[in-house]
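Coordinate analysis (summary)
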Amino acid sequence: MEAIKHAGTAPLLLALLCVCLLSCRAHAAVIYVSPDGSDAGAGTSSDPLASIEAAARRAERGDRVRLMRGDYDVTEECTFSGVELSGSGPDTVSIALRRPAGRLLFDQGGKLAYVSLSSENHGGLQFFGEGSVYSVNVTGAAGDCIYVALPPSGGGFNATVLNATNCYNGIFAEVVDDDQRWARGPALGATPSTLLLHNVQLSIMGKSAIEVHDIPRVRISDIESLYVQDFLVARISRTYSELPTGVLANASVNTTLGGIRLTGRAQKWTMSKVLLSTIEGWRDPGTTTPLLIAENAALQCTRVSIVRPISRGPCVALNSANFTAADSVIGGTKANHAISVSGLSVVVLSGCAIEHNEVEMGGCVVYCFDAAPSVYITDSLLAHNTAEYHTLFTCLKPQPAWQCTIDVWNTKLEDNTAEFGDPTDSMCDVTYH
């Protein structure tokens, strides 16, 4: 009977041993890397590895790769699945992704932190499904500073304290259908995938500072952008059960051409405390690209300044969009309109200043064409606008049935001039209340 009792404990002891071994590996390992180390080393602080490539081969999900002070060249493609790759700070640890194959790929929640990085390759720094960067400088990337691929739902990317400069695109993020890749990661939930950017500086981009395709949730805050062709391009081509949404807050943006482009299928954006302008004297005055384009979008702005001191394009161009602005400033155009409207759009301005616009013909404040929009202006200031005719509003109605209605309440008109006629005359159905 005693032998039977001891025999029964053997499977239990074996099971306990397996649990112990599993729990021991469950504790994340820290792998150290130093330029003075050896890839044959143990990867400890006293016997570090020498290369990021060797660390990538050893690291497992949940591990942390710690880069000690110094410079690192990466010549191979390295994948970190659920692994954190971090240094001691962007000023003390630098990574160079060398031609032809040096790349860093992160998935399953991988993280890059406290380093500076440069890339000679397109797609040098990529994130898939879920990932984050914190306190990272990226410069001189041959393509995108950061490329992000997310599933339609359940994924997310978070960049906090990021400084990216001298790239083609700053951050390029898109939703992609890659069931095989997503199956290798953690179970994806039903919540929409999200892109979060906070405390970010983006400058000197060949194209866009931020470009997002089909990302259902975008949150951007505390951002500064300078010398970029376009600041934000957000395009929706998919159909979601919930309306894709975006938030832009506390942003200072100076572009060399355009600004913000919201295109494709319906999406909703909220913007607050945003300065959007072109750099004076940067482009030929013949440029007519609008600063803000909204197509099939609902856009709500509070305390936003959209001004262009030199280019000829309108400040805002709407096509079948709803545009609401409160306590905002729109103007500074040369030979164009503050707001250009087409399609079935609705414009609501409250407590706004529409000023210092110059137009050869008319429509300094609102210019409507191929459209039957509704415009409501209340408690605002329309000032220092100049045109030959119809200074404030112009409506072109190719079809007699189309009606452009403009209602103006409690709004001050100041120093608006027309070379010919009354500056308050218009080709629209305008009612002053």
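For clarity, every value in this text was computed on a predicted model and none was experimentally measured.

1. Notes on the overall build of the protein
Scanning the protein from terminus to terminus reveals three helices and 36 strands. In the protein, which comprises 433 residues, the share counted as buried stands at 49%. In the protein, 63% of the contacts between residues at least 6 apart in sequence involve partners at least 24 apart. In the structure as shown, the protein presents an accessible area of about 18600 Å², 53% of it carried by carbon and sulfur atoms.

2. Comments concerning the pairing of strand β11 (residues 144–150)
Of all the seven residues making up β11, seven are buried; the element is thus mostly covered by neighbouring parts of the structure. The pairing of strand β9 (residues 125–128) with β11 spans three bridges and is classified as parallel. When the bridges of β11 are listed, Phe128 appears paired with Ala149. Looking at chain direction, β11 and strand β13 (residues 169–175) are connected through six bridges and run parallel. Counterpart to Ala149 in the pairing with β13 is Glu174.

3. Some points on the state of the cysteines
The full count for this structure, using the stated rule, is one disulfide. The residue that forms a disulfide with Cys145 is Cys167, at a sulfur-sulfur distance of 1.9 Å. Here the disulfide of Cys145 and Cys167 is right-handed, its torsion about the S-S bond being about 80 degrees. Within this pair, whereas Cys145 is found in strand β11, its partner Cys167 is found in strand β12 (residues 156–167), the two being separated by 22 residues in sequence. In this structure Cys145 comes out as buried when scored by relative accessible area, which is 2%. On the basis of relative accessibility, which here comes to 5%, the residue Cys167 falls in the buried class.

4. Here's the deal with the environment of Asp107
With respect to the secondary-structure elements, Asp107 resides in strand β7 (residues 103–107). Along the primary structure Asp107 and Gly129 are separated by 22 residues, whereas in three dimensions their C-alpha atoms are 6.0 Å apart. In terms of polar contacts, Asp107 uses its side chain to reach the side chain of Ser81, at 2.6 Å.

5. Regarding the side chain of Gln267
On the secondary structure map, Gln267 appears in strand β18 (residues 267–278). Once residues within four sequence positions are removed from consideration, Gln267 is found in contact with Ala234, Ile236, Leu243, Pro244, Leu262, Asn296, Ala297 and Ala298.

6. Focus: the pattern of salt bridges
In total, this model carries eleven salt bridges according to the counting rule given. Among the salt bridges present, the one from Asp177 reaches Arg238, with a minimum N-O distance of 3.0 Å. Here Arg238 lies in the loop between β15 (217–236) and β16 (245–255) and Asp177 lies in the loop between β13 and α3 (179–184), a separation of 61 residues in the sequence. Relative accessible area serves as the criterion here: at 22%, Arg238 is assigned to the partly exposed category.

7. Some words on the side chain of Glu355
You can see Glu355 is positioned in strand β26 (residues 353–355). Look at Glu355: it is buried, it has no salt bridge, and the nearest opposite charge is Lys412 at 10 Å. Aside from chain neighbours lying at most four places away, what touches Glu355 is Val329, Ile330, Gly331, Gly332, Leu381, Ala383, His384 and Asn385.

8. Points about the packing of aromatic side chains
How two aromatic rings sit relative to each other is set out by the distance from centre to centre and by the angle between their planes. Tallied over the full model, the rule gives seven aromatic pairs. Here Tyr114 and Tyr134 contribute two aromatic rings whose centre-to-centre distance is 5.6 Å and whose plane-to-plane angle is 65 degrees, an arrangement assigned as edge-to-face. Within this pair, whereas Tyr114 is found in strand β8 (residues 110–119), its partner Tyr134 is found in strand β10 (residues 130–139), the two being separated by 20 residues in sequence. The class for Tyr114 is partly exposed, based on a relative accessible area of 35%. The exposure class of Tyr134 is partly exposed, given its relative accessible area of 32%.

9. Points about the nonpolar core
Of all hydrophobic cores here, the largest spans 102 residues; its most connected members are Leu104, Met271, Phe323 and Ile339. Counting residues per element, this core draws most heavily on strand β14 (residues 194–213), which supplies eight residues. With near-sequence residues (within four places) excluded, Met271 lies in contact with Leu248, Ile260, Leu262, Leu292, Leu299, Gln300, Cys301, Thr302 and Val304.

10. A word on the pairing of β10
Examined bridge by bridge, β8 and β10 share eight bridges and lie parallel to one another. Note on β10: the bridge partner recorded for Ser118 is Thr139. In this structure, β10 lies alongside β12, joined through nine bridges in parallel fashion. By the bridge assignment, Asn137 is partnered in β12 with Asn163.

Rules of the game
Residues numbered from 1 in each chain as written. Predicted model: local features only at pLDDT ≥ 70, side-chain atom pairs only at ≥ 80, totals over all residues. Heavy atoms only, no water. Helix = DSSP H or I, 4+ residues; strand = E, 2+ residues; numbered from the N terminus. Buried < 20%, exposed > 50% of the residue type's maximum accessible area, 1.4 Å probe, protein only. Contact = heavy atoms within 4.5 Å. Areas by Shrake-Rupley, 256 points an atom, 1.4 Å probe, with all protein chains shown as cover. Pairing = 2+ DSSP bridges. Disulfide = S-S within 2.5 Å. Polar contact = N/O pair within 3.5 Å; in protein donor to acceptor, adjacent residues only side chain to side chain. Salt bridge = Lys/Arg side-chain N within 4 Å of Asp/Glu carboxyl O. Lys, Arg positive; Asp, Glu negative; His and termini not counted. Phe/Tyr/Trp six-rings, centres within 6.5 Å; stacked < 30°, edge-to-face > 60°. Core = buried A, V, L, I, M, F, W, Y, C linked by side-chain atoms within 4.5 Å.

In short, the description is geometric, and any link to function would need to be established separately.
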